[in-house]
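The residues making up each chain are set out below.
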Amino acid sequence: MPSKLKERKIAIMGYRSVGKSSLSIQFVEGQFVDSYDPTIENTFVKTTKVSNQEYELKLVDTAGQDEYSILPTHYDIHGYVLVYSIASPKSFEIIQIIYDKLLDMTGNVHLPIVLVGNKKDLHMDRVVTQEEGRKLADSWKAVFLEASAKQNECVADIFHTMLMEIEKANNPVPNPGPVTCSIS
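Residues numbered from 1 in each chain as written. Predicted model: local features only at pLDDT ≥ 70, side-chain atom pairs only at ≥ 80, totals over all residues. Heavy atoms only, no water.

- Taken verbatim from the UniProt record of the protein chain, the Sequence similarities (unreviewed entry) comment is "Belongs to the small GTPase superfamily. Rheb family."
- You can read under Subcellular location (unreviewed entry) in the UniProt record for the protein chain the words "Endoplasmic reticulum membrane". (UniProt positions renumbered as here; feature names shortened; annotations may be inferred.)

Written out as structure tokens, the structure reads:
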């Protein structure tokens, strides 16, 4: 018997120019957009299947946040993809502020979150180590992945992992399995 399509809304948040839109477009349309106007806000929709369940995924691509911006509150968001650039220490700093604001805003201590170190292809410009990213995600009890929207590396894993995290939060049952994307 086919499973009913579940709708899930995921907010993609992070400092400006970390690749939020590039990750969304790569996942939804399968292409990398090199030049992109700064996002005001955009929603991308894609149907995808994870663990025999079909989902209609709405990706809310938020405007780049900084330490002063107000987070969007008018959504019924199921999970959050928090993105920083491995080549930007400022974006790593801002992602921690965004996380704290999210906790304050939602009043929830454990949110379904995937922390993403994007721009893995810029390894020569790396300033934020994998260890720093992993340590931060662990402190949040979140999943950590590194990705490259440009090379389409681990992009689908981000959103499929996010769906598993949302399901885990909604139905606390044993984990369906490990994340398949290697972060080495």
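Alright, that's what it looks like, and here's the rest.
Here's the deal with the packing of aromatic side chains
A ring pair, where both rings are aromatic, is described by two values, the distance of the centres and the angle of the planes.
Item 1. Applying the stated rule across the entire model yields three aromatic pairs.
Item 2. Ring centres of Y84 and F92 lie 4.8 Å apart, and the angle between their planes is 70°; this geometry places the pair in the edge-to-face category. F92 carries the same exposure label as Y84, and that label is buried.
Item 3. For the pair Y99 and W140, a centre-to-centre distance of 4.0 Å together with 10° between the ring planes defines the contact as stacked. Here Y99 is found in helix 2 (residues 89–106), whereas its partner W140 is found in helix 3 (residues 130–140), with 41 residues between them in sequence.
Item 4. Among the residues examined, Y99 registers a relative accessible area of 8% and is labelled buried.
Item 5. According to the relative accessible area criterion, W140 is buried, its value standing at 7%. (Phe/Tyr/Trp six-rings, centres within 6.5 Å; stacked < 30°, edge-to-face > 60°. Buried < 20%, exposed > 50% of the residue type's maximum accessible area, 1.4 Å probe, protein only. Helix = DSSP H or I, 4+ residues; strand = E, 2+ residues; numbered from the N terminus.)

Things to note about the pairing of strand 3 (residues 53–62)
Item 1. Burial of strand 3 is extensive: eight of the ten residues sit out of reach of the surface.
Item 2. With seven bridges joining them, strand 1 (residues 6–14) and strand 3 adopt parallel strand pairing. When the bridges of strand 3 are listed, I10 appears paired with L59.
Item 3. Sheet analysis places strand 2 (residues 41–50) next to strand 3, joined by ten bridges and oriented antiparallel. Across the sheet, V50 pairs through a bridge with Q53, a residue of strand 3.
Item 4. A loop of two residues connects strand 2 with strand 3, the two strands running antiparallel in sequence, and S51 in this loop sits at a positive phi of about 50°. (Pairing = 2+ DSSP bridges.)

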